[in-house]
Amino acid sequence: MADQQARTDGDKRPTEIPVIRWEEPPEGPVLVLLDQTRLPTEEVELVCTDAPALVEAIRSLAVRGAPLLGIAGAYGVALAAVRGFEVAEAARALEGARPTAVNLSVGVRRAQAAHQAALAKTGDPAAAAAAALAAARTLHREDAEASARMAAHGLALLEELQPGGGHRILTHCNTGSLVSGGEGTAFAVALRAHREGRLRRLWVDETRPLLQGARLTAYEAARSGMAYTLLTDNAAGSLFAAGEVDAVLIGADRIAADGSVANKVGSYPLAVLARYHHVPFIVVAPVTTIDPDTPDGASIEVEQRPGFEVTEVTAPQVPVTGAGGGIPVAPLGTQAYNPAFDVTPPELVTAIVTEAGAVSPVTAEALGTLCASSRQVTI
Ligand SMILES: CSC[C@@H](O)[C@@H](O)C(=O)COP(=O)(O)O
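Criteria and thresholds
- Residues numbered from 1 in each chain as written.
- Predicted model: local features only at pLDDT ≥ 70, side-chain atom pairs only at ≥ 80, totals over all residues.
- Domains from an automatic or database assignment.
- Contact = placed C-beta atoms within 7 Å.
- Helix = DSSP H or I, 4+ residues; strand = E, 2+ residues; numbered from the N terminus.
- Axes fitted to C-alpha atoms, helices over the stretch in contact; angles between N-to-C directions.
- Parallel < 35°, antiparallel > 145°, perpendicular 65-115°, else oblique.
- Nonpolar A, V, L, I, M, F, W, Y, C, P; charged D, E, K, R; others polar.
- Near = placed C-beta within 6 Å.
- Pairing = 2+ DSSP bridges.
- Core = buried A, V, L, I, M, F, W, Y, C linked by C-beta atoms within 7 Å.
- Buried ≥ 20, exposed ≤ 12 C-beta atoms within 10 Å, placed from the backbone.
- UniProt positions renumbered as here; feature names shortened; annotations may be inferred.
- Arc of directions from axis to C-beta.

Some thoughts on the domain arrangement of the protein
Looking at the assigned domains, one finds that the protein contains domain 1 (4-143) and domain 2 (151-374). Look at where the C-alpha atoms of domain 1 and domain 2 centre, and you get two points 24 Å apart. Counting residues at the interface gives 27 residues for domain 1, matched by 31 residues for domain 2. Every element with two or more residues in the side of domain 1 that touches domain 2 is listed here: α2 (66-82), α4 (102-122) and α5 (125-161).

Quick look at the packing of helix α3 (residues 87-95) against α4
Where α3 meets α4, the axes come as close as 9 Å, and the angle between the chain directions of the two elements is 170°. The angle between α3 and α4 falls in the class roughly antiparallel. Facing Val-87, Ala-91, Leu-94 and Glu-95 of α3, the residues of α4 in contact are Leu-104, Ser-105, Val-108, Gln-112 and His-115. Tallied by class, the residues present in the contact of α3 with α4 amount to five nonpolar, three polar and one charged.

Some details on the site of the ligand
With respect to spatial proximity, 18 residues lie near the ligand, and among them Arg-64, Ala-66, Cys-173, Gly-251 and Lys-264 are the closest. At the level of elements, α2 and β10 (261-264) are the ones that each hand at least two residues to the shell around the ligand. Partitioned by chemical class, the residues of the shell around the ligand number eight nonpolar, seven polar and three charged.

Digging into the sheet that holds strand β5 (residues 167-171)
As summarised here, the arrangement of the seven strands in space is β7-β6-β5-β8-β11-β16-β17, forming an open sheet in which the pairing is mixed. Looking at strand neighbours, the two that pair on one side only are β7 (228-231) and β17 (357-359), the edges of this open sheet. Each strand axis lies, on average, 25° off the axis of its neighbour in the sheet, ignoring direction. For strand β11 (residues 281-284) and strand β16 (residues 351-354), the ladder comprises three bridges, and the chain directions are parallel. By the bridge assignment for β16, Ile-282 is matched with Ala-351. Contacts from helix α6 (residues 186-195) reach β5, β6 (199-205), β8 (247-250) and β11, with the element oriented near 160° to β5. This element, helix α7 (residues 212-224), spans β5, β6 and β7 of the sheet and lies at about 160° to β6.

Some thoughts on the nonpolar core
Counting residues in each nonpolar core, the largest one holds 112 residues, and the members touching the most others are Leu-54, Val-77, Ala-78, Ala-132 and Val-248. In terms of residue count, the dominant contributor to this core is α5 (14 residues). Mapped onto the domain boundaries, this core takes at least three residues apiece from domain 1 (4-143) and domain 2 (151-374). Setting aside its immediate chain neighbours within four residues, Ala-78 contacts Ala-111, Ala-129, Ala-132, Leu-133 and Ala-136.

Focus: unusual backbone geometry
Phi is mostly negative for residues that are not glycine, and the peptide bonds are mostly trans. With an omega of 10°, the peptide bond running from Leu-39 to Pro-40 counts as cis. As for its placement among the helices and strands, Pro-40 is situated in the loop between β3 (30-34) and β4 (44-48). Omega for the peptide link from Ser-360 to Pro-361 comes to 0°, which places this bond in the cis form. Tracing the backbone through its elements, the reader meets Pro-361 in the loop between β17 and α11 (364-374). At Cys-173, a residue that is not glycine, the phi angle is positive and equals roughly 65°. Considering the arrangement of structural elements, one finds Cys-173 in the loop between β5 and α6.

Brief notes about the sheet that holds strand β9 (residues 254-256)
Taken in spatial order, the four strands line up as β12-β9-β10-β15 in an open sheet, and their pairing is mixed. At either end of the open sheet lies a strand with only one pairing partner, and these are β12 (290-291) and β15 (341-344). The pairing of β9 with β12 spans two bridges and is classified as parallel. Following the sheet pairing, Ile-255 is matched in β12 by Ile-290.

Observations concerning the UniProt feature "active site" (unreviewed entry) in the protein
UniProt's feature table lists "active site" (unreviewed entry) at Asp-253, given in the numbering used throughout. Locating Asp-253 in the fold gives a position in the loop between β8 and β9. Apart from the residues within four sequence positions on either side, Asp-253 is in contact with Ala-66, Thr-100, Ala-101, Ala-262, Asn-263 and Phe-341.

Quick look at the pairing of β8
Each regular strand shows side chains that alternate between the opposite faces of the sheet. Both faces of β8 are covered, namely the face carrying Ala-247 and Leu-249 and the face carrying Val-248 and Ile-250. In the sheet, β5 pairs with β8 via three bridges, with the strands oriented parallel. Across the sheet, residue Leu-170 finds its bridge partner in β8, namely Val-248. Where β8 lies against β11, three bridges are found, and the strand directions are parallel. The partner of Val-248 across the bridge, within β11, is Phe-281.

Section: the environment of Trp-203
Among the structural elements, Trp-203 can be located in strand β6. Distance in space between the C-alpha atoms of Trp-203 and Glu-309 is 24 Å, their sequence separation being 106 residues. Once residues lying within four places of it in the same chain are set aside, the contact partners of Trp-203 are Arg-168, Ile-169, Leu-170, Thr-229, Leu-231, Leu-239 and Val-245.

Points about α3
Among all positions in α3, only Val-87, Ala-90, Ala-91, Leu-94 and Glu-95 are buried. For α3, the angular spread of buried residues about the axis comes to 125°, placing them on one side. Among the exposed residues of α3, those pointing more than 90 degrees away from its buried face are Ala-88 and Glu-89. Its buried side turned inward, α3 meets α1 (51-59), α2 and α4.

Here it is as structure tokens:
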């Protein structure tokens with residue numbers, strides 16, 4: 001039985017609540033998450049005492065976004081190990097919680113490998129659990145470092161494309177500190193541009209149906225003090241047509257070996273619009289999001305989400321009535337097509353920016369070289 005408890009703390013400022021942290025109270029270690037389903041109206045912590053609780057938090061999107069899923073998955077393995085649960089079973093459940101973001105399996109496997117190696121070496125379950133936790137902490141720290149490097153590389157690329165700053169950037173979904181051990185991927189680039197006085201405006205797609213742009217990116221943008229404007233996803237076309245977008249910056253959930261990019265549904269239409277309007281379409285993601293074992297876009301498994309996310313809307317502070325717990329906005333029984341992601345082919349991607357540098361044009365060869373030069377085996 002999943003053991004997940006909500007904890008509110010009205011005294012904390014948003015910036016003081018980390019998106020994820022390991023705690024060791026007397027009752028035993030726990031993984032504490034900032035519940036992203038409650039943002040932006042409430043900052044509520046979710047306390048997971050076992051892997052099934054974390055699986056539930058991943059499925060419900062309380063914890064989400066590719067890099068953070070990797071970190072959470074690694075801590076989840078450590079949690080199972082430290083609390084004496086079957087580690088292989090926990091790892092399988094965590095990996096299967098969401099299929100598209102490759103970082104989830106990268107994180108889970110890394111902690112599991114550390115656990116197995118320590119167990120084989122010492123035969124001591126406590127030492128093996130400590131090794132899994134150390135691997136999770138290392139991944140967490142590395143993600144923060146990667147984030148800072150992506151921001152630097154991304155801004156350098158923007159400046160190369162449009163010298164002198166004044167960037168008007170359009171982004172989709174949420175890619176900031178809520179998805180990362182650091183300041184994120186695409187959002188971290190915009191944030192750096194803002195801090196250096198080089199951002200004119202961040203255009204934030206609301207990101208239907210779960211509104212990661214409106215609820216989460218706007219929340220992060222507001223906290224940063226940058227100039228930002230929220231738009232409905234289908235207003236992007238007229239924004240491009242009006243010449244108001246200098247670059248599109250998005251993150252990625254999985255990048256296939258050929259450079260196809262899976263990201264939040266709505267990214268592919270933006271790539272098509274960007275190409276038509278001669279605007280650079282830039283993907284910012286850590287090297288761990290590049291999956292050499294997925295050959296092409298057609299091989300990427302795209303998560304299908306429940307239809308009620310489209311047929312109903314939810315808001316944390318209004319009464320709920322629909323089958324999915326939301327307010328119905330479509331006739332009862334309406335079927336919905338609700339893929340969580342779409343896939344953009346490499347020919348529509350101007351550049352992929354990673355912590356190890358940028359690849360442009362995006363080709364299988366260039367990505368392979370980047371991965372070979374930057375992948376480290378750390379367990
Ligand atoms: C750096 S985050 C990149 C992606 O994970 C992000 O853009 C995204 O699509 C997240 O989707 P979500 O369904 O909210 O987990």
